[in-house]
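These are the residues of each chain, in order.
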Amino acid sequence: MMGWSGVLTPSSPKITAFDYVAASAKGFAAGEKSRFAYKKFMRDVTEKAPDFICLAYGQVDAEVGYYYRKYVAGSTASPEADLSAVYEAYVAMAGQVLPGRKLVFKGLNPSTLRNETQLVTYAYRRLTARMTDEGERQALADVLANAGLTVAAHAGINRMANEILAQKARAAGHGFFDIRDTAGDPAHQGLAAWCYVPAESDVHLTDCFEIRAAYQTKLFAAFDALYGRSKAD
């Protein structure tokens, strides 16, 4: 969540970014049943009372959540059906807890995973994070090794997920933005451009001036589109 909680100058809003590590849209949509995504958000939004709110959940759901539901929970839903349900519940919950508010939803960043070994290793590590039984961990390792996960398919899920989230947010009357035109690889939709892929196996874009500038520009433009420049300035 990003809250415009004050103005430093007529053209420089004060932004407070709340970082919820590994929080998901599905977790937020769970409301009071969530472990922390929803509860921490509600505590922060109550304490800070921001004038403008940007929600940035959704990345984890496409990077990890779908694979958990498929390979651990045994879901047979397609990526499209799975993520459509997740994002619809996410946007609906936001509207429920913030009635009458115009919100901005940030879209997904393109994937930084550029080879299958990275992808399988990342999925295994994230999906076994709370598994303590070695037999269960090995069983999942075998499943993933034979699942045929590919970078191309993962990129396709990433791209599709972003499109679904954009559609759900806009259909509910909210704003939406992403930075894919800056961070994405035009030749490989759903993947980050090589210059923004970190040296280590990290799923976060390289932190640099271009990425930060893209966030700021797109975020302010999204609020301008919702409220009109006279209020957002």
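The preceding data block contains the structure.
Residues numbered from 1 in each chain as written. Predicted model: local features only at pLDDT ≥ 70, side-chain atom pairs only at ≥ 80, totals over all residues. Heavy atoms only, no water.

(A) Fine view of the environment of Ser84. Relative to the assigned elements, Ser84 resides in helix α4 (residues 79-97). Counting along the chain gives 83 residues from Ser84 to Gln167, while the straight-line C-alpha distance between them is 9.7 Å. (Helix = DSSP H or I, 4+ residues; strand = E, 2+ residues; numbered from the N terminus.)

(B) Representation of the pattern of salt bridges. Under the counting rule described, the total for this entry stands at eight salt bridges. Between Arg69 and Asp82 there is a salt bridge, and its shortest N-O distance comes to 2.7 Å. Taken together, the residues Arg69 in helix α3 (residues 59-71) and Asp82 in helix α4 connect sequence positions 13 residues apart. The class for Asp82 is buried, based on a relative accessible area of 7%. (Salt bridge = Lys/Arg side-chain N within 4 Å of Asp/Glu carboxyl O. Buried < 20%, exposed > 50% of the residue type's maximum accessible area, 1.4 Å probe, protein only.)

(C) Up close: the packing of aromatic side chains. In this structure the tally under the stated criterion is ten aromatic pairs. Pairing Phe28 with Tyr90 gives two aromatic rings, centres 5.8 Å apart and planes at 85 degrees, and the pair type is edge-to-face. With a gap of 62 residues between them, Phe28 in helix α1 (residues 25-29) and Tyr90 in helix α4 connect regions that are remote in the sequence. For the residue pair Phe28 and Tyr90, the accessibility class agrees, reading buried in each case. Judged by centre distance (5.2 Å) and plane angle (80 degrees), the ring pair of Tyr90 and Phe105 falls under edge-to-face. (Phe/Tyr/Trp six-rings, centres within 6.5 Å; stacked < 30°, edge-to-face > 60°.)

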